[in-house]
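# Observations on the model geometry
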Amino acid sequence: MDDRSLTARRIPRWFLALVAFCLVVAAGIALGNLSLGGSGSSPPRAAASGTPEPGQAADRPAGTGRLDVTRHDEIVRLLERRAAAVRDRDQAAYLATVDPQATAFRAVQAASFGNAAQIPFASWDYELVTPDAFTLPAVRRAELGGTAVFTAHVDLAYRIAGLDAAPLRSPQFLTFVQRDGAWYIAADGDGAAAGQPSAAQVWDLGPVTVLQTRSGIILGVGANADLSAYQKDVETAVPDVTAVWGPDWAGKTVLVVPADQEQMAELLGAEPQKYARIAAVTTGERGAGPDEAAADRIIVNPEAFRELGTVERRVVMTHEIAHVASRAATRNWTPTWLSEGFADYIGYLNSGQTIRSAAPELRRDVRDGKVPAQLPSDEQFETTQDSLPQAYEMGWLACRMIAEQWGGTKLVDFYRAVGAPPAGGAGPPDQTARLAEAFTSVLGTTPAEFTAKWVAYVKAQVK
Ligand SMILES: [Zn+2]
């Protein structure tokens, strides 16, 4: 193959830069303090003293203790009725939990409920995490009226049937209002001003088209419903991932296809421009053990995907699905060069892409005499880094070298050894120490020897 054809096949630079950025959601949302009389962050207020905080006022009845227990129980029962309504597909019962006076919010809630109609949920629950999670401005309180008002951080926890081994938790910051003795949900957007926005789910964005495939489920929003190309991508990628990782994963995935880039950002709670150059993101909880598998989601950027050719789409999809397959073995201490490099190793494996075509930035650096001396640090994978493409390329080549020189099985063994839970329930291991152990026990080498070998490999490969 001459240089000309290589050039013609070169993947657009933006694609290489962020071939398949991996977003990792922090594991374990702090479970709330449901103790009586106030949230964990603020001591119980002496409501009986009669001096309400600005904007908080009369929602906390005098006497604390017992009345708070009642309110807490009433809110929990309201959330239970709401969850049961979703499980029963009972829209009237669902809307009965919504403030009858919140006309616009009711309409949005009705639409969301309908949008999710096709999604096969296996479970749906709410957990009251933090009472009094944010303070409503006085003007908002006045607008709501009612005999009492309450705010809370509530987690929605749901599973998609046949796919999620564990619930996906999604935070909601809700406003409750009491009218004629009954509590209702009046809004889910009041917390945003206080930096506590409710997370959007795919059914909040528009009607969801559901495509069940042998490799999982695809959720597409709106008119965009031609999901068949994505089905091909996923069904090609899953066996490629299993061929390397082995059968020890579900072999299925949840793929979310928003209508546009703006919706992708909305799902990720980010500014739209942040994901302008990103083709796909995998979300999941790092550190979930084998018994507590995370509910991963692959979210594609449909605008970026439209610009990709078949090969590039499959590299991205295979990369993302490799993250899903290896999730349970990917821990907080797993270095990013290994998790991203491993995903790129599988992603590029059957793509026909050469190092010359797929690692142009690193190649240019080496030709300019900028030869890396160390494996890239986790910080080098931050999206704001100019040298992000090189970081991905270096991680890829490290994993590729392990597979070439020790074998693909050893690469998987190494990955698993690095991510293995600490023995005897000890705390999380030190990243450097854990890596050194795995280099010795799996590859029979040392960090220094490995790094030297890798530097030589990079120089030889990118020539
Ligand atoms: Zn990734």
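Bear in mind that the values here come from a model prediction, so they are computed numbers and not experimental data.

### A look at the overall build of the protein chain
- Each helix and strand in the protein chain was counted, giving 17 helices and nine strands.
- Across the 463 residues of the protein chain, 51% fall into the buried class.
- Pairs at least 24 apart in sequence give 71% of the contacts found in the protein chain among residues at least 6 apart.
- Working note: accessible area of the protein chain is about 19900 Å², and carbon and sulfur atoms make up 52% of it.

### Observations concerning the packing of helix α10 (residues 310-326) against helix α11 (residues 336-349)
- One can describe the packing of α10 onto α11 by two numbers: an axis separation of 8 Å at closest approach and a directional angle of 130°. Put simply, α10 runs oblique to α11. Here α10 runs over α11; the crossing is right-handed. Contacts between α10 and α11 pair Val 315, Thr 318, His 319, Ala 322, His 323 and Ser 326 from the former with Ser 339, Glu 340, Phe 342, Ala 343, Asp 344, Ile 346, Gly 347 and Tyr 348 from the latter.
- Residue composition of the contact of α10 with α11, by class: six nonpolar, six polar and two charged.

### As for the sheet that holds strand β2 (residues 148-160)
- Ordered by their spatial adjacency, four strands build an open sheet running β1-β2-β3-β4, and the pairing between neighbours is antiparallel. For this open sheet the edge positions go to β1 (121-131) and β4 (182-187), each flanked by a neighbour on one side alone. Strand-to-strand twist in this sheet, taken as the mean axis angle between neighbours without regard to direction, amounts to 40°.
- Across five bridges, strand β3 (residues 168-179) lies against β4 in antiparallel orientation. Across the sheet, the residue bridging to Phe 176 is Ile 185, located in β4.

### Some points on the packing of aromatic side chains
- In this structure the tally under the stated criterion is 20 aromatic pairs.
- Taken together, a centroid distance of 5.5 Å and an interplanar angle of 45° make the contact between Trp 124 and Trp 203 tilted. Taken as a pair, Trp 124 in strand β1 and Trp 203 in the loop between β4 and β5 (208-213) lie far apart in primary sequence, 79 residues in all. Both residues of the pair, Trp 124 and Trp 203, belong to the buried class.
- Pairwise contacts between aromatic rings join Phe 121, Trp 124, Tyr 126, Tyr 158 and Trp 203 into one cluster.
- Above the face of the Tyr 230 ring, Arg 313 is positioned so that its terminal group lies 4.7 Å from the ring centre.

### What to know about a negative patch on the surface
- On the surface, Asp 188, Asp 204, Glu 262, Glu 266, Glu 303 and Glu 307 cluster together into a patch of negative charge.
- Counting residues per element, the ones that place at least two in the negative patch are α8 (261-267) and α9 (302-307).

### Re the sheet that holds strand β7 (residues 253-257)
- Strand order in the open sheet made by the five strands is β5-β6-β7-β9-β8, with mixed pairing throughout. At either margin of the open sheet sits one strand with a lone partner, and together these are β5 and β8 (280-283). Here the average twist between neighbouring strands, direction ignored, is 20°.
- With two bridges joining them, β7 and strand β9 (residues 297-300) adopt parallel strand pairing. What sits directly across from Leu 255, in β9, is Ile 298.
- Running at roughly 150° to β7, helix α7 (residues 228-245) makes contact with β5, β6 (216-221), β7 and β9 of the sheet.
- On the sheet, α10 packs against β7, β8 and β9 and is oriented at approximately 5° with respect to β8.

### So, the pattern of salt bridges
- Counted by the stated rule, this structure contains 15 salt bridges.
- Ionic pairing is found between Glu 127 and Arg 169, a salt bridge with its closest N-O pair at 2.8 Å. With Glu 127 in strand β1 and Arg 169 in strand β3, this pair connects stretches of sequence that are 42 residues apart.
- Residue Arg 327 pairs with Asp 296 through a salt bridge whose shortest N-O separation is 2.7 Å. Here Arg 327 is found in the loop between α10 and α11, whereas its partner Asp 296 is found in the loop between β8 and β9, with 31 residues between them in sequence.
- On the basis of relative accessibility, which here comes to 4%, the residue Arg 327 falls in the buried class.
- The structure contains a network of salt bridges with shared partners spanning Glu 127, Asp 155 and Arg 169.

### Some words on the confidence of the model for the protein chain
- Averaged over every residue, the pLDDT of the protein chain is 84; the share at 70 or more is 82%.
- Low pLDDT, under 50, characterises residues 1-21; the predicted model gives this stretch 61 contacts beyond four residues in sequence or across chains.
- This model gives residues 23-64 a pLDDT under 50, and the stretch forms 74 contacts once residues within four places in sequence are excluded.

### Topic: α7
- With 18 residues, α7 extends 26 Å from end C-alpha to end C-alpha; this agrees with the ideal 26 Å at 1.5 Å per step.
- Those residues of α7 that sit buried are Tyr 230, Asp 233, Val 234, Glu 235, Ala 237, Val 238, Val 241, Val 244 and Trp 245.
- Looking one or two places after α7, you find Gly 246, whose phi comes out positive at around 100°.

### Examining the nonpolar core
- If you look at the biggest cluster of nonpolar residues, it comprises 68 residues, and the most contacted ones within it are Trp 337, Phe 414 and Trp 454.
- A total of 11 residues in this core trace back to one element, the largest contributor, which is helix α14 (residues 388-405).
- Looking at which domains feed residues into this core, each of domain 1 (15-27 + 201-330) and domain 3 (335-463) supplies at least three.
- In this view, Trp 454 contacts Pro 372, Gln 374, Leu 375, Pro 376, Met 394, Leu 397, Ala 398 and Met 401; residues no more than four positions away in its chain are not counted.
- Within the second largest apolar cluster, 51 residues are counted, among which are Phe 105, Phe 176, Val 210 and Tyr 275.

### As for α14
- Taking 1.5 Å as the rise per residue, α14 with 18 residues should run 26 Å; its terminal C-alpha atoms sit 26 Å apart, in good agreement.
- A positive phi of about 110° marks Gly 407, the residue just after α14.

### Section: the packing of α14 against helix α17 (residues 447-461)
- Direction vectors running N to C along α14 and α17 enclose 100°, while the axes themselves pass 10 Å from each other. It follows that α14 is roughly perpendicular to α17 by the angle criterion. For the pair α14 and α17, the contacting residues are Met 394, Leu 397, Ala 398, Arg 400, Met 401, Ile 402, Glu 404 and Gln 405 in the first and Phe 450, Lys 453, Trp 454, Tyr 457, Val 458 and Gln 461 in the second.
- When the residues that make up the contact of α14 with α17 are grouped by side-chain class, the tally is nine nonpolar, two polar and three charged.

Reading the values: rules and limits
Residues numbered from 1 in each chain as written. Predicted model: local features only at pLDDT ≥ 70, side-chain atom pairs only at ≥ 80, totals over all residues. Heavy atoms only, no water. Helix = DSSP H or I, 4+ residues; strand = E, 2+ residues; numbered from the N terminus. Buried < 20%, exposed > 50% of the residue type's maximum accessible area, 1.4 Å probe, protein only. Contact = heavy atoms within 4.5 Å. Areas by Shrake-Rupley, 256 points an atom, 1.4 Å probe, with all protein chains shown as cover. Axes fitted to C-alpha atoms, helices over the stretch in contact; angles between N-to-C directions. Parallel < 35°, antiparallel > 145°, perpendicular 65-115°, else oblique. Left-handed = near helix turned anticlockwise from the far one by under 90°. Nonpolar A, V, L, I, M, F, W, Y, C, P; charged D, E, K, R; others polar. Pairing = 2+ DSSP bridges. Phe/Tyr/Trp six-rings, centres within 6.5 Å; stacked < 30°, edge-to-face > 60°. Lys NZ or Arg CZ within 6 Å of the ring centre and 35° of its normal. Patch = residues over 30% accessible without salt bridge, like charges linked within 9 Å, V, L, I, M, F, W, Y side chains within 5 Å. Salt bridge = Lys/Arg side-chain N within 4 Å of Asp/Glu carboxyl O. Lys, Arg positive; Asp, Glu negative; His and termini not counted. Charge placed at Lys NZ, Arg CZ, Asp CG, Glu CD. pLDDT = per-residue confidence, 0-100. Expected span 1.5 Å × (residues − 1). Core = buried A, V, L, I, M, F, W, Y, C linked by side-chain atoms within 4.5 Å. Domains from an automatic or database assignment.

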